[in-house]
Amino acid sequence: MKKTNELYAGKAKTVYATDDQDRLIMYFRNDTSAFDGEKVEKLDRKGMVNNYFNAFIMQKLQAAGVPTHFETTLSDQESVVKRLEMIPVECVMRNIASGSIVRRLGVQDGMELKPPTFEFFLKNDALHDPMVNDYHIESFKWATRDEVARMKELTFKVNDILKQLFLDAGMLLVDFKLEFGRFQGEIYLGDEFSPDGCRLWDAQTRKKLDKDRFRQGLGGVVEAYEEVAQRLGVRLPA
Ligand code: ADP
Ligand code: UDP
């Protein structure tokens, strides 16, 4: 497979078209951003760690019956994926309250959410990713009612699979964000799953092992991502 042209450079990844019109190459850069791109830094090894981490998680999800865009890793920082027609919403699942829900609803950080709660956000940095609901998504034709139902169903399924996977490795899956897209009439999980797009706490100490280390200036960002990878058994180059 050969890269042809760069399609777009997002905040953390660059996406290339290939000589196969149904496949893309995702290049995981070392760039790390927060607050809708206001805080940006390059962190050594982050692209590589996230590329292998994402590959590991996507393969687990695929094996458990979640259709994902992931096909194969191509190099330390690149993976081949199906070219999806992305749906411009983010699906957020929360098992424990933290981050924006705490600010919005004034609930206690760390509060367990039973049942877990689900939120949609519009993917739009200029508008600061506002929260939207099923009706907005249907009215503005970002997705159909069936697609909305499928995205929710798959997000809950991903939660069931990954909550247990992380717990078995001594971590709490606090929350996470997923993006979906269309491929040959079906909904597939796209983008990435890595500590950049979820919250993970050590189950005993509640130490943060995710991008909050970057957002909050706690340091040891990539070290924490590598610790998560190592606990799960993700193999990383030395
Ligand atoms: P952002 O857009 O949030 O800055 P990234 O830097 O991660 O994020 O950019 C990756 C872009 O690629 C995102 O816009 C994402 O929606 C898009 N994308 C992810 N997976 C696919 C796919 N399989 N097909 C097409 N686009 C994808
Ligand atoms: N998230 C993400 N991209 C976004 C917004 C959120 O990956 O554009 C992830 C974030 O890392 C967290 C979860 O989604 O794991 C919920 O994020 P929240 O709404 O709490 O927003 P935050 O306070 O993290 O900006």
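A brief structural summary. (Residues numbered from 1 in each chain as written. Chains lettered and ligands numbered in written order. Predicted model: local features only at pLDDT ≥ 70, side-chain atom pairs only at ≥ 80, totals over all residues. Heavy atoms only, no water.)

## Regarding the overall build of the protein chain
In step 1: Scanning the protein chain from terminus to terminus reveals 6 helices and 15 strands.
In step 2: By the compact-globule yardstick of 18 Å for 238 residues, the protein chain fits well, its C-alpha radius of gyration being 17 Å.
In step 3: Along the first, second and third principal axes, the C-alpha atoms of the protein chain reach 50 × 50 × 35 Å.
In step 4: When the 238 residues of the protein chain are sorted by exposure, 52% land in the buried category.
In step 5: For the protein chain, the share of sequence-separated contacts (at least 6 apart) that also reach a separation of at least 24 residues comes to 56%.
In step 6: Of the side chains in the protein chain, 35 bear a positive and 38 a negative charge, and the two mean positions are spaced by 2 Å. (Helix = DSSP H or I, 4+ residues; strand = E, 2+ residues; numbered from the N terminus. Rg over C-alpha atoms; globule rule 2.2 N^0.38 Å. Buried < 20%, exposed > 50% of the residue type's maximum accessible area, 1.4 Å probe, protein only. Contact = heavy atoms within 4.5 Å. Lys, Arg positive; Asp, Glu negative; His and termini not counted. Charge placed at Lys NZ, Arg CZ, Asp CG, Glu CD.)

## Focus: the pattern of salt bridges
In step 1: Tallied over the entire structure, the rule returns 29 salt bridges.
In step 2: Salt-bridge contacts for aspartate 20 lead to arginine 23; the nearest nitrogen and oxygen are separated by 4.0 Å.
In step 3: We classify arginine 23 as buried; its relative accessible area is 19%.
In step 4: With a shortest N-O distance of 2.6 Å, aspartate 31 and arginine 29 are connected by a salt bridge.
In step 5: A relative accessible area of 18% means that arginine 29 is categorised as buried.
In step 6: Sharing partners across several salt bridges, the network here consists of Arg94, Arg104, Glu119, Asp175, Arg199, Asp212 and Arg215. (Salt bridge = Lys/Arg side-chain N within 4 Å of Asp/Glu carboxyl O.)

## So, the pairing of strand 10 (residues 112-122)
In step 1: Two elements, strand 9 (residues 89-96) and strand 10, share 7 bridges in a ladder whose sense is antiparallel. Bridging from a neighbouring strand, methionine 93 pairs with phenylalanine 118 of strand 10.
In step 2: Where strand 10 meets strand 11 (residues 131-132), 2 bridges bridge the pair, whose relative direction is antiparallel. In the strand pairing of strand 11, phenylalanine 121 is matched with methionine 131. (Pairing = 2+ DSSP bridges.)

## Remarks on the site of ligand 1
In step 1: The environment of ligand 1 is made up of 17 residues, and the closest members are Tyr8, Lys11, Ala12, Lys13 and His69.
In step 2: Backbone polar atom of aspartate 191 to a nitrogen atom of ligand 1: 3.1 Å apart, as the coordinates give it.
In step 3: Those elements that place two or more of their residues in the shell around ligand 1 are strand 2 (13-18), strand 3 (23-28) and strand 7 (78-82).
In step 4: Residue classes in the shell around ligand 1 are distributed as 8 nonpolar, 2 polar and 7 charged. (Near = heavy atom within 4 Å. Polar contact = N/O pair within 3.5 Å; in protein donor to acceptor, adjacent residues only side chain to side chain. Nonpolar A, V, L, I, M, F, W, Y, C, P; charged D, E, K, R; others polar.)

## Some thoughts on the packing of aromatic side chains
In step 1: As enumerated under the stated definition, the model contains 6 aromatic pairs in all.
In step 2: Relative to phenylalanine 193, the ring of phenylalanine 166 has its centre 6.2 Å away and its plane inclined at 25°; by these criteria the two rings are stacked. Here phenylalanine 166 is found in helix 4 (residues 145-168), whereas its partner phenylalanine 193 is found in the loop between strand 14 (186-189) and strand 15 (198-202), with 27 residues between them in sequence.
In step 3: Taking 5.7 Å as the distance between ring centres and 85° as the angle between the ring planes, the aromatic pair formed by phenylalanine 183 and tyrosine 188 counts as edge-to-face.
In step 4: The exposure class assigned to tyrosine 188 is buried, which follows from its relative accessible area of 16%.
In step 5: Residue placement shows lysine 3 over the ring face of tyrosine 16; its charged tip is 4.4 Å from the ring centre.
In step 6: The ring of phenylalanine 214 has lysine 39 sitting right over it, with the charged end atom 4.7 Å from the ring centre. (Phe/Tyr/Trp six-rings, centres within 6.5 Å; stacked < 30°, edge-to-face > 60°. Lys NZ or Arg CZ within 6 Å of the ring centre and 35° of its normal.)

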